[in-house]
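The chain contents come next:
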Amino acid sequence: MILLLSVTIGVSVIVVFPNSSEAQSELKTFVTHSGEIIRTTGEIIDPLYTVSTVEFDPMEYLREFNYGKVSKLSDGTTVREYTIIAEDDKVMEVSPGVFYNVWTYNGTVPGPTIRATEGDLLKINFINNGSKEHTIHFHGIHPAGMDGVFEAIGPGGGKFVYEFEAGPVGVHPYHCHVMPLEEHIIHGLYGVFIVDPKEGRELADEMVMVLNGFDTDFDTENNFYAANTIPFYYQHHPIQINTNELIRVYVVNMVEFDPINNFHLHGNLYNYYPTGTDLVPSFYTDMITLSQTERGIMEFEYTYPGKYLFHAHKVEFSEKGWVGIFLVNDNVESDESDDEYGR
Ligand SMILES: [Cu+2]
């Protein structure tokens, strides 16, 4: 089977996926991240521990925020309660014909986007239904016992309640922190944690982009890259936005192995808030560079309708999947309301 993938900067690459009978005849021996020796075709399938299939819709994930089950304490504090279940036995078709054993929080990679307001009390009921020890380590401010590092939660239904105050304001990653850490992260145990300021932020079309990659042949180099898991997804399914409407992107870099990643926007520049902790932007740029777990908030508006690429300017990454398109529609309603002369 031959797939022609059109990628950024006008380059096309031909990717050849052998059919299954060819794949069977080309088994090679690999050492996995955890030191196990397996026989696999590597580029095609990671067959370990896989008993069920993950369905993941990057368009749904993009704008889905989990505010938890809300209640109030007698002093007026908002309590938000979440349940996160870890599993490590699923297989996901990360690209046509490319299957990978994903380890998941609530069944997907990334896990749910946890969202709260600064000062809220968070209760995260963690259940480990996996076959290995797992935890949740939130970036942010919390007591040592809530850090998800030294109290590994046992497999087969182990439980722990992470309880802490939401803060500081910003966008933070959460991920498993069990050793070997690289293995637990690269397989998909991560997600995004947004802490809103008490006064809120200006109304916007908000979305989350986790920059991630997959090492499908266990050589500690990524074979595929993406914004939100599926290579080339937003190129084939452009993200629809409107002219003259504020767009806010919470971006988190979870790529392992490669020391840097970056985010370039076409036909525009964005205000950038590193880690999202300040309410005043630090940069006005079309390009940011991010190391592991570096993250921030981008805000921009398009004046002109049309199709605009966004992608890693590390071209290797964009050619291996980390590329997307914003389809900017003419915002007629906004044009009319903006016309102070009523024309
Ligand atoms: Cu883990």
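From a predicted model like this one, the values you see are computed outputs, not experimental measurements.

About the thresholds
Residues numbered from 1 in each chain as written. Predicted model: local features only at pLDDT ≥ 70, side-chain atom pairs only at ≥ 80, totals over all residues. Pairing = 2+ DSSP bridges. Helix = DSSP H or I, 4+ residues; strand = E, 2+ residues; numbered from the N terminus. Axes fitted to C-alpha atoms, helices over the stretch in contact; angles between N-to-C directions. Buried ≥ 20, exposed ≤ 12 C-beta atoms within 10 Å, placed from the backbone. Contact = placed C-beta atoms within 7 Å.

1. Let's talk about the pairing of strand β6 (residues 69-72)
Here is step 1 of the chain: Sheet topology note: the β6/strand β7 (residues 78-95) ladder contains 4 bridges and is antiparallel. Across the sheet, the residue bridging to Lys72 is Thr78, located in β7.
Here is step 2 of the chain: Where β6 folds back on β7, the antiparallel hairpin that results is connected by 5 residues, among which Gly76 adopts a positive phi of roughly 95°.

2. Re the sheet that holds strand β20 (residues 270-274)
Here is step 1 of the chain: The sheet built from 6 strands is open, its strands ordered β16-β15-β18-β23-β20-β21 with mixed pairing. Strand pairing shows two members of the sheet lacking a second neighbour, β16 (224-227) and β21 (283-285), which therefore form its edges. Going from strand to strand, the sheet's axes swing by 25° on average, the running direction of each strand aside.
Here is step 2 of the chain: With 3 bridges joining them, β20 and β21 adopt antiparallel strand pairing. Counterpart to Tyr272 in the pairing with β21 is Phe283.

3. Re the sheet that holds strand β25 (residues 323-329)
Here is step 1 of the chain: Here we have 5 strands laid out as an open sheet, ordered β17-β25-β24-β19-β22, and mixed in their pairing. Unpaired on one side and paired on the other, β17 (239-242) and β22 (287-290) mark the two borders of the sheet. Within this sheet the neighbouring strands show an average axis-to-axis angle of 25°, counted without direction.
Here is step 2 of the chain: Examined bridge by bridge, strand β19 (residues 261-265) and strand β24 (residues 306-311) share 2 bridges and lie antiparallel to one another. Along β24, the bridge assignment pairs Leu265 with Phe310.

4. Focus: unusual backbone geometry
Here is step 1 of the chain: Geometrically, the link from Val109 to Pro110 is a cis peptide bond, its omega value of -5° lying close to zero.
Here is step 2 of the chain: Relative to the assigned elements, Pro110 resides in the loop between β8 (98-105) and β9 (114-117).
Here is step 3 of the chain: Met179 connects to Pro180 through a cis peptide bond whose omega is -5°.
Here is step 4 of the chain: For Thr229, which is not glycine, the phi dihedral falls at a positive 80°.

5. Considerations on the environment of Glu294
Here is step 1 of the chain: In this structure, Glu294 sits in the loop between β22 and β23 (295-300).
Here is step 2 of the chain: You can call Glu294 partly exposed: it has 18 C-beta atoms within 10 Å.

6. Quick look at the environment of His184
Here is step 1 of the chain: Structurally, the position occupied by His184 is in helix α3 (residues 181-186).
Here is step 2 of the chain: His184 sits 52 residues away from Lys132 along the chain, and the two C-alpha atoms are 9.8 Å apart.
Here is step 3 of the chain: Ignoring sequence-local partners within four residues, the contact set of His184 consists of Trp103, His134, Cys176, Val178 and Leu189.

7. Some remarks on the environment of Phe218
Here is step 1 of the chain: Following the sequence through the fold, Phe218 ends up in the loop between β15 (205-214) and β16.
Here is step 2 of the chain: Residue classification places Phe218 among the buried residues on the basis of 20 C-beta atoms within 10 Å.
Here is step 3 of the chain: When the C-alpha atoms of Phe218 and Glu183 are compared, they prove to be 9.8 Å apart, with 35 residues separating the residues in sequence.

8. Things to note about the pairing of β15
Here is step 1 of the chain: Counting buried positions over the 10 residues of β15 gives 8, a clear majority of the element.
Here is step 2 of the chain: Relative to strand β18 (residues 247-253), β15 runs parallel, the two being bridged by 7 bridges. Bridge pairing links Met209 to Val251 in β18.
Here is step 3 of the chain: When β15 meets β16, the two strands line up antiparallel, connected through 4 bridges. Among the inter-strand pairings, Leu211 is bridged to a residue of β16, identified as Ala227.

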